[in-house]
Amino acid sequence: MSRNYSNEEIDRLILLISKLPGFGPKSAGRVVLHLLKRKDQLMKPLSEALLNASEKILNCETCGNIDLHSPCGMCKDNLRDQSQICVIEDVADLWALEKSGVFNGCYHILGGNLSAINGIGPDDLSIKQLVARASEDHVREVILAMSATVDGQTTAHYVAESLESLNVEVSRLGHGVPVGGELDYMDEGTIAAALSSRQKL
Amino acid sequence: MRWESNGLILNFSKYNEKSYILEIFTEEYGKHKGIIRGLHSKNKRSIIEPGNEVFATWSGRLETHLGNYNVEPIKLWSSYILQFKDKLSAISSICSLISLTMAERQPNPLIYFSSKKLIEIVTSTRDDWVREYVFWEMQLLSEIGYGLDLERCAVTSKSSDLVYVSPSSGRAVTNEGAGEFRNKLFPLPKFMTDFKANYDNDDIYNALNLTEFFFKKRFFLPNNLNFPQSRNRLKELFNH
């Protein structure tokens, strides 16, 4: 006869960790065991760091980025070009662009894409805040860096329309052949997009 | 159980971290859902955009199970139109309307082939794609059982000079037959009854407004469904 000796605290911990991306109940169990074996070196500092982060990290009221302060460090940084705003879907996109190190302007995080199926409309995104930001005198260009998907580009066109009445240049990222891409491995749509956005050499 | 069929991608929604629930309008099995795994691989992601034509393989232990999809691209239509806001709205609208109106797992070859043809026209360089779109919506209305009767006047039975549509019956009405109810009737754009007639943005707007009214009245409101936002956007693009 099997008896249940499960521990409520451990089960709760496993359940919570298994909700993180990349984890299931089994890998969460391994993480919990690992943490319990290193209580002082890892478990306590981790719990303190999590608590601190949950208390201190907030969304920037200007751009939607996550930081300890609002406005965030990027919005307050005078060395960044305040005349350019790059519009992105979420924080992960901001990190990707920052990693590339080629953009020195400001960001605006929309919070997703317009999606008919998921019921996400213009009011669910921070488009009004973007229009308010873009109407400030020092803003010259808005770069729409949305995904090259149907929803992503529908959102980009909607945002471009919302900015139409303002005196700002609206541009979007180029679509086409990726670096290291070979034409014979590419789908016809990517080739078509690359051809239509070709540039003079 | 396993089957294979050509199909049009309608939409996908998140199932768990690595899997999505994909909805495909297949030629032989109708609108059908299934789980697709490994969607974040570079090659697969671009395949499952709405409107793309694929060769789908579905497998499941029982017919009633959600099952798993494997898809291979036939034609990636959506990637041709990313720079056109009106065509993007049209493709999204086609997929949303099929997804909302077609019955689950019931083949409808007429709508399948007309939708496939329409997507081909929308993604082509043809200028008259929006007229074809209006006719496709009328066909869809008719297929779900609420077709408009634009053949002859509901009052006088005349088949010429049809300029209005009755909001209650969905039948055409002549100027003469409209009488004092003229203001309560929908204007009927000429191109909807005469294929050779010219049309402008106002005609397209009126046509989209007309089909929208009957979609909402006869299908969306009784079934407590929201009319697709992409379709609303498409109509607004012709509102000048």
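Computed from a predicted structure; not experimentally measured. (Residues numbered from 1 in each chain as written. Chains lettered and ligands numbered in written order. Predicted model: local features only at pLDDT ≥ 70, side-chain atom pairs only at ≥ 80, totals over all residues. Heavy atoms only, no water.)

Considerations on the overall build of chain B
Per the secondary structure count, chain B includes seven helices and eight strands. By the compact-globule yardstick of 18 Å for 240 residues, chain B fits well, its C-alpha radius of gyration being 20 Å. Along the first, second and third principal axes, the C-alpha set of chain B runs to 60 × 35 × 25 Å. Per-residue burial for chain B yields a buried fraction of 52% across its 240 residues. Accessible surface computed for chain B: about 11400 Å², of which carbon and sulfur atoms make up 48%. When the 31 positive and 28 negative side-chain charges of chain B are each reduced to one mean point, those points stand 5 Å apart. (Helix = DSSP H or I, 4+ residues; strand = E, 2+ residues; numbered from the N terminus. Rg over C-alpha atoms; globule rule 2.2 N^0.38 Å. Buried < 20%, exposed > 50% of the residue type's maximum accessible area, 1.4 Å probe, protein only. Areas by Shrake-Rupley, 256 points an atom, 1.4 Å probe, with all protein chains shown as cover. Lys, Arg positive; Asp, Glu negative; His and termini not counted. Charge placed at Lys NZ, Arg CZ, Asp CG, Glu CD.)

As for the overall build of chain A
For chain A, the count of helices and strands is eight helices and six strands. Ordering the α and β elements of chain A from the N terminus gives α-α-α-β-β-α-β-α-β-α-β-α-β-α. The globule rule puts the C-alpha radius of gyration for 201 residues at 17 Å, and the 22 Å found for chain A is more than 25% above it. Oriented by its inertia axes, the alpha-carbon framework of chain A measures out at about 75 × 45 × 35 Å. For chain A, the residues scored as buried account for 32% of the 201 residues in total. Across chain A, every contact between residues at least 6 apart in sequence was considered, and the portion connecting residues at least 24 apart equals 44%. Looking at chain A, you have 19 positive and 27 negative side-chain charges, and the mean spots of the two groups are 11 Å apart. (Contact = heavy atoms within 4.5 Å.)

So, unusual backbone geometry
In terms of backbone geometry, most residues other than glycine have negative phi values and most peptide bonds are trans. Of note, the bond from Ser70(A) into Pro71(A) is cis; its omega dihedral lies within 30 degrees of zero at 0°. Its identity as a non-glycine residue notwithstanding, Ser157(B) has a phi of 65°, on the positive side. Counting through the fold element by element, Ser157(B) comes out in the loop between α4 (129-143) and β6 (162-165). The backbone of Asp161(B) shows a phi angle near 60°, a positive value even though the residue is not glycine. As for its placement among the helices and strands, Asp161(B) is situated in the loop between α4 and β6.

Looking at the packing of helix α2 (residues 25-37) of chain A against helix α3 (residues 39-56) of chain A
Residues and elements named next belong to chain A. The N-to-C vectors of α2 and α3 enclose an angle of 115°; their axes lie 6 Å apart at closest approach. Between α2 and α3, the contacting residues are His-34, Leu-35, Leu-36 and Lys-37 on the first element and Lys-39, Leu-42, Met-43 and Leu-46 on the second. Looking at side-chain class alone, the contact of α2 with α3 contains five nonpolar, one polar and two charged residues. (Axes fitted to C-alpha atoms, helices over the stretch in contact; angles between N-to-C directions. Nonpolar A, V, L, I, M, F, W, Y, C, P; charged D, E, K, R; others polar.)

A few points about α4(B)
All names here are of chain B. Taking 1.5 Å per residue, 15 residues should reach 21 Å; α4 reaches 21 Å between its end C-alpha atoms and fits that length. Counting buried residues in α4 gives eleven out of 15 residues, a clear majority hidden from the surface. What α4 keeps buried is the set Trp-129, Val-130, Arg-131, Glu-132, Tyr-133, Val-134, Trp-136, Glu-137, Met-138, Leu-140 and Leu-141. At its buried positions, α4 is contacted by α2 (85-101), α3 (109-122), α6 (201-220) and α7 (229-237). Following α4 by one or two positions, Gly-145 has its phi on the positive side, about 100°. (Expected span 1.5 Å × (residues − 1).)

Considerations on the sheet that holds strand β4 (residues 105-109) of chain A
Residues and elements named next belong to chain A. The four strands lie next to each other as β4-β3-β5-β6, forming an open sheet whose pairing is parallel. At either end of the open sheet lies a strand with only one pairing partner, and these are β4 and β6 (169-172). Each strand axis lies, on average, 25° off the axis of its neighbour in the sheet, ignoring direction. Pairing between strand β3 (residues 81-88) and strand β5 (residues 141-144): four bridges, direction parallel. (Pairing = 2+ DSSP bridges.)

Describing the confidence of the model for chain B
Counting all residues, the mean pLDDT for chain B is 91, and 98% of those residues have values of 70 or more. Note on the complex model: pTM 0.86, ipTM 0.83. (pLDDT = per-residue confidence, 0-100.)

Some words on the interface of chain B and chain A
Contact with chain B, which involves 25 residues of that partner, is made by 30 residues of chain A. For the pair chain B and chain A, the summed buried area comes to about 2000 Å², and 58% of that belongs to carbon and sulfur atoms. It is Leu82(B), Gln229(B) and Arg233(B) that lose the most area in chain B upon contact with chain A, and together they represent 28% of the buried surface on that side. Taken together, chain B and chain A are joined by one salt bridge. Taking the shortest distance from any N to any O, the salt bridge between Glu161(A) and Lys85(B) comes out at 3.2 Å. Remark: the boundary between chain B and chain A carries four residue pairs in polar contact (both at pLDDT 80 or more). Mapped onto the side of chain B that touches chain A, the elements with two or more residues apiece are β1 (2-14), β5 (68-75), α2 and α7 of chain B. (Buried area = accessible area lost by both parts, 1.4 Å probe. Salt bridge = Lys/Arg side-chain N within 4 Å of Asp/Glu carboxyl O. Polar contact = N/O pair within 3.5 Å; in protein donor to acceptor, adjacent residues only side chain to side chain.)

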